[in-house]
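Secondary and tertiary structure notes
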Amino acid sequence: MAIAMPQAERAPNRDRLALVLGIAAAVLLLIALLLMNRLESRYAFLTLGAFVLVSAFFLTLTYPKRPYIAFIFPAVVIYTMFVIFPAGAAFRYSLYNWTGLGPATDFIGAGNYSEILRDPQFRDALWNNVQLFLAIFVIQNAIGLPIALALDTKLRGHEFYRSALFLPVIVSLVATAYIWQIILGPNIGMLNPLLVDLGHPEWQRDWLADTFLTFKLIWIVQAWQHIGVPIVIYLAGLQSVPTDLKDSARVDGGNSWQVFRGVTFPMLAPAFTIITITTFIAMFRAFDIPYVLGGPGGAPDGTTDVLSLVIYREAFGLGGIVGSQYRQGYAVAAGVVMFAFLIVAVSIQAIILRRREVAM
Amino acid sequence: MEDQRNHRISRRHLLESAGVAAGIGLASQITPASAAPQSTTPFFQRNQESTKLTFWGQFPELLDPFKAVMADFNAAHPEIEVEVEMTTNDQYKTKIQSALNVGSGPDLYMVPAQPEMNNYVNAGALVDVTDSVDLSQVIDVAKDAVTIDGKVWASPSGRYTVGICYHRNLFEEAGVTEEPTTWEEFRAVMQQLLDAGITPYSIAAKDGSLTYFNYIGLASSVLGTEGFEQVLSGEKKLTDPDMVAVVQEMRDWVPFYQQNFLGTPYAEAKALFATGKTAMMDCGSADLSGYYEIDPDAQLGFFYWPAADADHSQVTNTGMSVMYGINPAIDESKMNAAITFLNWVATPEGAQSMNRNIKLLPVVEGVEPEGDPILTEMVNSPLDIPVWYERWPTLNIGTVWTTDGNSAFDTDTPPDEFAAKLQASVDEQLANAPVATPAS
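Residues numbered from 1 in each chain as written. Chains lettered and ligands numbered in written order. Predicted model: local features only at pLDDT ≥ 70, side-chain atom pairs only at ≥ 80, totals over all residues.

1. Observations concerning the overall build of chain B
Counted only if it meets this: Note on conventions: DSSP H or I runs of at least 4 residues are helices, E runs of at least 2 residues are strands, and numbering of each starts at the N terminus. Put plainly, a residue is buried at 20 or more neighbouring C-beta atoms within 10 Å of its own, exposed at 12 or fewer, and partly exposed in between, counting only other residues' C-beta atoms, which are placed from the backbone. In this description, any two residues whose backbone-derived C-beta atoms lie within 7 Å of each other are considered to be in contact.
In terms of regular secondary structure, chain B is built from 17 helices and 11 strands. A total of 440 residues make up chain B; the buried ones form 50% of that total. Contacts in chain B between residues far apart in sequence, at least 24 positions, make up 77% of those at least 6 positions apart.

2. Description of the overall build of chain A
When helices and strands are tallied, chain A shows 16 helices and 0 strands. With the principal axes as the frame, chain A shows a C-alpha extent of 105 × 70 × 35 Å. Relative to its full complement of 360 residues, chain A shows a buried share of 35%. The long-range share in chain A, meaning contacts at least 24 apart out of those at least 6 apart in sequence, stands at 66%.

3. Digging into the interface of chain B and chain A
Defined as follows: Polarity classes work like this: nonpolar for Ala, Val, Leu, Ile, Met, Phe, Trp, Tyr, Cys and Pro, charged for Asp, Glu, Lys and Arg, and polar for all others, with Gly in that last group.
In this complex, chain B contributes 49 residues to the contact, which on the side of chain A involves 42 residues. Elements that contribute at least two residues to the side of chain B that touches chain A include exactly helix H1 (2-30), helix H4 (89-101), helix H5 (116-122), helix H9 (209-233), helix H11 (266-274) and helix H16 (397-404) of chain B. At 12 residues, H1 of chain B tops the list of elements feeding residues into the side of chain B that touches chain A. Its residues placed into classes, the side of chain B that touches chain A shows 19 nonpolar, 25 polar and 5 charged.

4. Things to note about unusual backbone geometry
Cis rather than trans, the peptide bond between alanine 299 of chain A and proline 300 of chain A has omega equal to 0 degrees. Among the secondary structure elements, proline 300 of chain A is positioned in the loop between helix H14 (288-294) and helix H15 (307-316). In this model, glutamine 114 of chain B is joined to proline 115 of chain B through a cis peptide bond whose omega is 0 degrees. One can find proline 115 of chain B in the loop between strand S3 (108-110) and H5. Here the phi dihedral of lysine 154 of chain A falls at roughly 60 degrees; this positive angle occurs in a residue that is not glycine. Overall, lysine 154 of chain A belongs to the exposed group, with 9 C-beta atoms counted inside 10 Å. Its identity is not glycine, yet lysine 359 of chain B carries a phi of approximately 60 degrees, on the positive side. If you trace the backbone, lysine 359 of chain B turns up in the loop between helix H14 (348-358) and helix H15 (373-379). Residue classification places lysine 359 of chain B among the buried positions, given that 20 C-beta atoms sit within 10 Å.

5. Here's the deal with the packing of helix H10 (residues 228-239) of chain A against helix H13 (residues 269-284) of chain A
Residues and elements named next belong to chain A. Spelled out, the test is: Think of each axis as a best-fit line through the C-alpha atoms, taken over the contacting stretch in the case of a helix, with angles from 0 to 180 degrees between the N-to-C directions. Roughly parallel covers angles under 35 degrees, roughly antiparallel covers those over 145, roughly perpendicular covers 65 to 115, and oblique covers all other angles. The sense of a crossing depends on the near helix, which, turned anticlockwise from the far helix by less than a right angle, makes the crossing left-handed and, turned clockwise, makes it right-handed.
Across the interface, H10 lies against H13 with an axial gap of 9 Å and an inter-helix angle of 160 degrees. Of the possible angle classes, the one that applies to H10 and H13 is roughly antiparallel. Handedness of the H10/H13 crossing: right-handed. Contacts between H10 and H13 involve Pro230, Ile233, Tyr234 and Gly237 on the former and, on the latter, Pro270, Ala271, Ile274 and Ile275. For the contact of H10 with H13, the residue count by class is 7 nonpolar, 1 polar and no charged.

6. Description of the pairing of strand S2 (residues 80-86) of chain B
All names here are of chain B. Let me state the cut-off plainly: Pairing between strands is defined by DSSP: at least two bridges between them are needed. Handedness of a crossover is defined as follows: with both strands directed away from the viewer, a clockwise route from the first strand across the helix to the second makes it right-handed.
The pairing of strand S1 (residues 51-57) with S2 spans 7 bridges and is parallel. When the bridges of S2 are listed, leucine 53 appears paired with valine 82. Following the chain from S1 across helix H3 (residues 63-76) to the adjacent parallel S2, one finds a crossover that is right-handed.

7. Let's talk about the environment of aspartate 152 of chain A
All names here are of chain A. With respect to the helices, strands and loops of the structure, aspartate 152 is situated in helix H5 (residues 120-152). By the C-beta count within 10 Å, which is 17 here, aspartate 152 ends up partly exposed. Aspartate 152 sits 31 residues away from isoleucine 183 along the chain, and the two C-alpha atoms are 32 Å apart. Residue contacts for aspartate 152: discarding those within four places in its chain leaves Leu235, Leu238 and Gln239.

8. A short note on the packing of H9 of chain B against helix H10 (residues 241-252) of chain B
Residue and element names in this part refer to chain B. At a minimum axis separation of 10 Å, H9 and H10 run at an interaxial angle of 140 degrees. Taken together, the axis directions place H9 and H10 in an arrangement best described as oblique. Where H9 crosses over H10, the two elements pack in a sense that is right-handed. Seen from H9, the contacting residues are Asn214, Tyr215, Leu218, Ala219 and Val222; seen from H10, they are Asp242, Met243, Val246, Glu249 and Met250. Broken down by class, the residue content of the contact of H9 with H10 amounts to 7 nonpolar, 1 polar and 2 charged.

9. Focus: the environment of glycine 185 of chain A
Within the secondary structure layout, glycine 185 of chain A lies in the loop between helix H7 (173-184) and helix H8 (191-197). With 23 residues separating them along the chain, glycine 185 of chain A and leucine 208 of chain A place their C-alpha atoms 6.8 Å apart. Those residues in contact with glycine 185 of chain A, other than ones at most four positions away along the chain, are Leu208 of chain A together with Glu268 of chain B.

10. Side note on the nonpolar core
Applied cut-off: Remark: nonpolar core denotes a set of buried Ala, Val, Leu, Ile, Met, Phe, Trp, Tyr and Cys residues whose joining runs through C-beta atoms within 7 Å.
Ala334 of chain A together with Leu126, Trp153, Met323, Phe341 and Leu342 of chain B are the most contacted members of the largest nonpolar core, which has 191 residues in total. Here this core gets 12 residues from one element, more than from any other, and that element is H9 of chain B. Sequence-distant contacts of phenylalanine 341 of chain B, defined by excluding residues within four places in its chain, comprise Leu53, Phe73, Ile80, Val82, Leu108 and Tyr324 of chain B. Leu21, Ala25, Leu33 and Phe51 of chain A belong to the second largest nonpolar core, which has 15 residues in total.

11. Focus on the confidence of the model for chain B
We count it as follows: Scored from 0 to 100, pLDDT records how confident the predictor is in each individual residue.
Looking at chain B, pLDDT values average 87 and 87% of them are 70 or higher. The low-confidence segment residues 24-47 of chain B, where pLDDT is below 50, has 12 contacts with residues more than four positions distant or belonging to other chains.

12. Quick word on the environment of valine 20 of chain A
The residue valine 20 of chain A is located in helix H1 (residues 7-37) in this model. Residues valine 20 of chain A and phenylalanine 58 of chain A, spaced 38 residues apart in sequence, show a C-alpha to C-alpha distance of 8.5 Å.

13. Concerning H10 of chain B
All names here are of chain B. As a reminder of what qualifies: In this scheme, a helix's expected span is set at 1.5 Å multiplied by one less than its residue total.
Here H10 contains 12 residues, and its C-alpha end-to-end distance of 16 Å stays within 8% of the 16 Å for a straight helix at 1.5 Å per residue. Considered for burial, the residues of H10 that qualify are Met243, Val244, Val246, Val247, Glu249 and Met250. Next to the buried residues of H10 lie helix H8 (183-195), H9 and helix H17 (415-431).

14. Thoughts on the confidence of the model for chain A
Looking at chain A, pLDDT values average 90 and 95% of them are 70 or higher. The spread of mean pLDDT over the elements of chain A runs between H1 of chain A, the lowest at 86, and helix H9 (residues 213-226) of chain A, the highest at 95.

This is the structure in structure tokens:
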């Protein structure tokens, strides 16, 4: 005679089984990905098949009590397959002396990392990225914010100015860089002949080969290309400042500067946070403009070198003209270091800026 | 009750769908390898069928010329067809490596020159053809280029040679009647051109490409074959006084380069020469067709890198541009056809076809290049030394020129400081020599 198990006892058993199946599914997915990584495609697909079956039982058991799991499950699997696992695999490759061809077999542990820490080109490039960020940060706040304030006053033709200022943002970065190369180029450039026509031939320069000037010009080009973003974000922030707050400040006798300082600016704190963090990430990922204007070697004499260029050079060489060594293991390690640096730096920024938002 | 029914239906659906998906996945993989579709044609008939090989290369601009080469091969071997697929130079490496890494890709592919070829050999991405390909008619420099540790890994079929090209009409305009043979004569010619209002020399320092070729050309003329071997073995240093003199010589040429040469990239320097705005430029055999395309009436001349003095020899630098290798993942039934192709390109007939269609310098003994007499002049160089990036110890010299090249021309820095950077690059390479060392 079958003894019917009470409903209350069956539920914990089902939860336990679901938990076991969930863990099994995760393990199977991991094994399948590892097999794929080792090019064992037949076994990888077999394991994936098993993963699908186990996942189906897992979702069937969890669906009645926790239906949301079935909805997030596909996204988690896809994210694991295409982001988390490749990131992990990249970390693994960073521990090898690997050219990018064939299996990575020459395990060197933290060798690439210790070399990166001692590598002057990496250090110099990192410092250049810091300078680039600081320059753009200053430019976008010193120029972008006043422009946003001006546009917010709905001056005549403000929609045209807004579009015109945002236009460089939607132009491809490579195209932007080539436009500026045509302006600054030593033989085909327009700037030097213009200076001659303006009566200042003594101002002519080899703009793209000056160890002091070239990187500063890259700041300007990068700022020109990027400034539309902070303008639009600040403008959106300004438009969300309640007019009654500003009006009451004015009624209390505040002048324009006092209203801006005491009401508008604090209300822009969230916009400031977003702009600062996105600019930081963008400037540490800068590649196209330094590549075109400074070349793959960060000319002149490495003064325009940035982290992305170092990673590119190590992974793919110098573009095949003069030959060079390919070290994808080292390049991946540099990418991991850059990623870790960005995570830490952005987290610190986010914490500080959020506190500032609350304080304001 | 309604809720429960809905749950039951959903769970069943979920389970059914997943079961079907998993079942299909499993079924498709459980099929044994032996059950893979196979030709039902009897073996004796299959041998007479045409074999189709696939070939990947990195010159999309040369797709039609390569197809013409394959057509010539097909005329000689009607039972074999070779299908050509080209990918742009910057994407080729990623594409071929990804394919080779997963055991797929073409039957034949364009192999990079040494020392990068070492990576392909070490990764097992090339078939050893030592016993199956006959390179007896191939010139030594090309044989060396495909030989690693005594084994042959590819079939060479084209090379390029670098020296100096010039516009004959501009030389005539300046009253220059003789091609210079020594550095001193060369400086005199450049002065003569400058006096006539002609910019003597086009160079690209921004990406280090042409300054680098200039350096290896002049340095090769000082070193000769023996000296170059000594640099490769570490016996001779690039900081020796005669090698520092090469950097100094390039500095002495600065008044003759185009204005703002430090900021000039490769393409711009080429454009200046191609349009006749400068009289001379570093020039390889592969560049000629481009110059004639820009100006079909161009009156180009060519001379070897001038020697340091009358005691040294003039020189050219040669590199390998097309080498055919076999992918180890090739279907076994196609292996004979692939070997036949590799043998054909190493014959006078194959070399002639490569030269005629792709304008590369032939690598087979006795085969004279067709067309431009400059090509004949190039193959008759009195002394030919490999381009330095095809040798492991000197691989990264170009990187120094690219990342630090301005300091070579900085008059505040002594030339031996720059020479020390070049030597440091050689020392580092020698300290990190790969397991398989290229033949030199």
